[in-house]
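The lines below spell out each chain.
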Amino acid sequence: EPEVTQTPSHQVTQMGQEVILRCVPISNHLYFYWYRQILGQKVEFLVSFYNNEISEKSEIFDDQFSVERPDGSNFTLKIRSTKLEDSAMYFCASSVDRRSNEQYFGPGTRLTVT
Amino acid sequence: DAKTTQPPSMDCAEGRAANLPCNHSTISGNEYVYWYRQIHSQGPQYIIHGLKNNETNEMASLIITEDRKSSTLILPHATLRDTAVYYCIVDLNNDMRFGAGTRLTVKP
């Protein structure tokens, strides 16, 4: 069964550093998403992406965040200058279509900012 | 700002049906009802979704009331592996806003 993969599984970085989280969505999917989950809290929507453009973003997704699909397979989330409060599990997801379609989530990248 | 209300926790005996309720009284006509679950710290897993009609797949059944203001997810024969947090989400464009969900504990 096809699956979404994410690398690395765990990333430790110092405050102020840039990090790039990588995701490989399912190959025939066209819509891509990033979510985050701070330990013990709910899953929060960050951004959706389609046709090389952001479709929608939440209030969390400020200028420190950016997304990119640099090639035909990878989908990345960049945090330019990490803060302690960026420590969380980051989940990538993809779907075939936008409406009425299930999203497939990856296993997540645990980001720890020290 | 989740549009749904779910009980924070429920228990279910192994082998019995688990019925998880969800209220979404402000749902609009084009919004779908989605159910996902999250086992421990894994990525959320899609279960089922529907618009107006009841739906069934290999994992569960979704019963939506006629006025669409509430729904119930049914796991027909719960197993210990179904212990998870279950999220009911109402959305138009698939940008999922998760609430706190219901923590279902299946007990032997």
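Look a little higher up for the structure.
Residues numbered from 1 in each chain as written. Chains lettered and ligands numbered in written order. Predicted model: local features only at pLDDT ≥ 70, side-chain atom pairs only at ≥ 80, totals over all residues. Heavy atoms only, no water.

A. Geometry of the overall build of chain A. Each helix and strand in chain A was counted, giving zero helices and eleven strands. The helix and strand sequence of chain A, counted from the amino end, reads β-β-β-β-β-β-β-β-β-β-β. Its C-alpha radius of gyration of 13 Å places chain A within 12% of the 13 Å reference for a compact globule of 114 residues. Based on the C-alpha atoms only, the size of chain A along its principal axes is roughly 35 × 30 × 30 Å. Split by element, the accessible area of chain A, about 5,700 Å² in all, is 44% carbon and sulfur. Averaging the coordinates of the 11 positive side-chain charges in chain A and doing the same for the 15 negative ones gives two points 3 Å apart. (Helix = DSSP H or I, 4+ residues; strand = E, 2+ residues; numbered from the N terminus. Rg over C-alpha atoms; globule rule 2.2 N^0.38 Å. Areas by Shrake-Rupley, 256 points an atom, 1.4 Å probe, with all protein chains shown as cover. Lys, Arg positive; Asp, Glu negative; His and termini not counted. Charge placed at Lys NZ, Arg CZ, Asp CG, Glu CD.)

B. Spotlight on the sheet that holds strand 8 (residues 84-91) of chain B. All names here are of chain B. Taken in spatial order, the five strands make up an open sheet running 1-9-8-3-4, and their pairing is mixed. For this open sheet the edge positions go to strand 1 (9-13) and strand 4 (45-50), each flanked by a neighbour on one side alone. If you compare each strand with its neighbour and ignore which way they point, the axes differ by 25 degrees on average. (Pairing = 2+ DSSP bridges. Axes fitted to C-alpha atoms, helices over the stretch in contact; angles between N-to-C directions.)

C. Inspection of the side chain of A:Thr13 at higher detail. Along the polypeptide, A:Thr13 turns up in strand 2 (residues 10-13). With residues near it in sequence (within four places) discarded, A:Thr13 still touches A:Val19, A:Thr82, A:Leu111, A:Thr112, A:Val113 and A:Thr114. (Contact = heavy atoms within 4.5 Å.)

D. Up close: the pattern of salt bridges. All names here are of chain B. Inspection of every chain in the model, using the stated rule, returns five salt bridges over all chains. Put simply, Lys3 and Glu31 hold a salt bridge, and the shortest N to O gap is 2.4 Å. With Lys3 in the segment before strand 1 and Glu31 in the loop between strand 2 (18-23) and strand 3 (32-38), this residue pair connects regions lying 28 residues apart in the sequence. Relative accessible area serves as the criterion here: at 41%, Lys3 is assigned to the partly exposed category. (Salt bridge = Lys/Arg side-chain N within 4 Å of Asp/Glu carboxyl O. Buried < 20%, exposed > 50% of the residue type's maximum accessible area, 1.4 Å probe, protein only.)

E. Expanded view of the interface of chain A and chain B. Taken together, the contact pairs 23 residues of chain A with 21 residues of chain B. Overall, the association of chain A and chain B removes approximately 1,800 Å² of surface from exposure, summing both partners, and the carbon and sulfur fraction of that is 45%. On inspection of chain A and its partner chain B, the count reaches one salt bridge. Taking the shortest distance from any N to any O, the salt bridge between B:Arg97 and A:Glu56 comes out at 3.5 Å. At the boundary of chain A and chain B, one finds three residue pairs in polar contact (both at pLDDT 80 or more). Looking at the side of chain A that touches chain B, the elements that each hand over two or more residues are strand 4 (31-37), strand 5 (43-50) and strand 9 (88-95) of chain A. For the side of chain A that touches chain B, a count of residues per class yields eight nonpolar, eight polar and seven charged. (Buried area = accessible area lost by both parts, 1.4 Å probe. Polar contact = N/O pair within 3.5 Å; in protein donor to acceptor, adjacent residues only side chain to side chain. Nonpolar A, V, L, I, M, F, W, Y, C, P; charged D, E, K, R; others polar.)

Function-wise, these values are silent; they only describe arrangement.
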